[in-house]
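Tertiary structure, described
One letter stands for each residue in the lines below.
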Amino acid sequence: MAEQGLLVLFGSQTGTAQDTAERVGREAKRRHLRCRVEALDSCDLANLIHEPLVVFVCATTGQGDPPDNMKMFWRFLFRKNLPAGSLCQLDYAVLGLGDSSYPKFNFVAKKLHKRLLQLGGNPLLPVALGDDQHDLGPDAVVDPWLVALWDKILALYPLPPGLEIINPDVRLPPKYTLHYLPEDSPQPESDLLQPAAPRAAPCELHPFAARVVSNRRVTAQSHFQDVRLIEFDIAGSGITFSAGDVVMIQPQNCLEDVQQFCQLLRLEPHRRFVLEPTEPGTSLPPLLPQPCTIQYLVTHYLDISCVPRRSFFELLACFSTNELEREKLQEFSSAQGQEELYSYCNRPRRTTLEVMWDFPHTTCAIPADYLLDLIPCIRPRAFSIASSILALPERIQILVAVVRYKTRLSKPRRGLCSTWLASLNPEQGDFQVPLWVKKGGMKFPADPATPVIMIGPGTGVAPFRAAVQERVALGRRGNCLFFGCRHKSKDFYCQTEWEELVTKGFLTLFTAFSRDQEEKVYVQHRIRENGRLVWELLSSENAHVYLAG
């Protein structure tokens, strides 16, 4: 039994499925099961036929699509030539995480369950469908499903005599041990903050450090929303893209937050360390250099500005030496305390760093070894590319609305990535941003005669700016754009550019400035007013329609 292995595989876009998969992994360890937790695309698919016991935790994204880190697995699993009984030795369970306000609710989990059945797998339980819309979130389904799962697994692989399930109050060992290097050990030559020059096309594990060329505010100073048009130099990166593609940007925490975090946890920012996995076979975090400084870890890796999940409170409670704080943390991590946790954390968007301020006795007792178990890594952010490589070779432009809003907390909430990007002024220094490009969901027609109708209110116009630039460079007319914003004088992005193209006959432009008159006017009003033209383009000229918000 001690040798019985469980494999937990996840497909996660925002981190929820990964967090749940890691929870399954922790609960497996409490039951003395050897357990590996991996992203579906990191696992060796050829070995799946030799795995006796696998739990799949999968999110559904967009219109019923698999998350990015399970796309290769998805293609492999649905190959026509896979023999019907190839997974007949596999006991499995599928847990889906979705949102019932979308038409294809938990589509990936349902389809995966069905396909594993077709290939001869033996389901331990019916597929579970977690729902974000439930008052208690997905945990309303996950909690009882896990109880049933462990009953099934322990019936198949009972605990050996003398072994008990490890009590939830007992702290499990950390994933990594942090070994500090002597203060006088030699410094490495390379600059830690520079992502390595990519060997192939840049990707998440090897981003390209692109220089910020310009960072221009495109809304009036008097407008409530700060929107930037930011340009990056990608010369020498090997990056290519077309209209509709997306640039991924790896953001970092601001210096003030990093200093506060180090102060709270009594960490020395310039201390250097190496990480060692606690268990053999655990890979090191790919984006952390070895050796690394505390400053680098907190700036570039730990997501101290994210809203913490239930698992954070569960682990934090284990470190607490203060009875009052421990009781509160235990309540937040219990099934009964989820409503209270929601109103403390999620509703006001309280950050991990702010929660740590609220539990000072516990925070200063956190062992450094557990930092990577406690706080997730910073996730990259996606932006529609707002320029064409044909119009601006070796450059990428993006349109960024700087996220800033009020909740009941006194300090305004700020978007991590947009705030950081807005702060990078190329006139005040040389700033580099780690980025790479991904295929987007929009494909523009290959036939030059096909007209396009683009509806892009606000920053939703970004991919259409790329498309119009690309089509104009290829001499294509038939470009029809419906653009909406609040005021012509305040947030009409790229106004002169659009007006020039209208003059040259490359663009038909319809604008809706919602607040410039008594009655609010939106893009849908302009579409209705021009219904005859729209119908003519659709019915006679086979136009394609694109909508971005």
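What counts as what
Residues numbered from 1 in each chain as written. Predicted model: local features only at pLDDT ≥ 70, side-chain atom pairs only at ≥ 80, totals over all residues. Heavy atoms only, no water. UniProt positions renumbered as here; feature names shortened; annotations may be inferred. Salt bridge = Lys/Arg side-chain N within 4 Å of Asp/Glu carboxyl O. Helix = DSSP H or I, 4+ residues; strand = E, 2+ residues; numbered from the N terminus. Buried < 20%, exposed > 50% of the residue type's maximum accessible area, 1.4 Å probe, protein only. Domains from an automatic or database assignment. Pairing = 2+ DSSP bridges.

The chain is annotated in an unreviewed UniProt entry as NDOR1 oxidoreductase from Irena cyanogastra. The annotation that UniProt attaches to the chain under Catalytic activity (unreviewed entry) is "2 oxidized [2Fe-2S]-[protein] + NADPH = 2 reduced [2Fe-2S]-[protein] + NADP(+) + H(+)". Listed under Subcellular location (unreviewed entry) in UniProt, the entry text for the chain is "Cytoplasm".

Digging into the pattern of salt bridges
Summed over all chains, the structure comprises 23 salt bridges. The residue aspartate 245 makes a salt bridge to lysine 439 at a minimum N-O spacing of 2.9 Å. Taken together, the residues span a long stretch of sequence, with aspartate 245 in the loop between β9 (227-233) and β10 (246-249) and lysine 439 in the loop between β17 (432-438) and β18 (452-455) at a distance of 194 residues. Among the residues examined, aspartate 245 registers a relative accessible area of 3% and is labelled buried. Among the ionic pairs, lysine 328 bridges to glutamate 331, the shortest N-O distance being 3.5 Å. One end of the pair, lysine 328, and the other, glutamate 331, are both in helix α8 (residues 323-333), three residues apart, so they sit about a helical turn from each other. We classify lysine 328 as partly exposed; its relative accessible area is 27%.

Description of the domain arrangement of the chain
Segmentation of the chain into domains returns domain 1 (5-156), domain 2 (255-374) and domain 3 (452-547). Spacing between the C-alpha centres of domain 2 and domain 3 amounts to 46 Å.

Here we look at the sheet that holds strand β12 (residues 292-293)
The three strands are arranged β7-β11-β12 in an open sheet whose pairing can be described as antiparallel. Looking at which strands have only one partner, the edges of the open sheet turn out to be β7 (176-180) and β12. As paired elements, strand β11 (residues 272-277) and β12 share two bridges and run antiparallel to each other. Across the sheet, the residue bridging to arginine 272 is threonine 293, located in β12.

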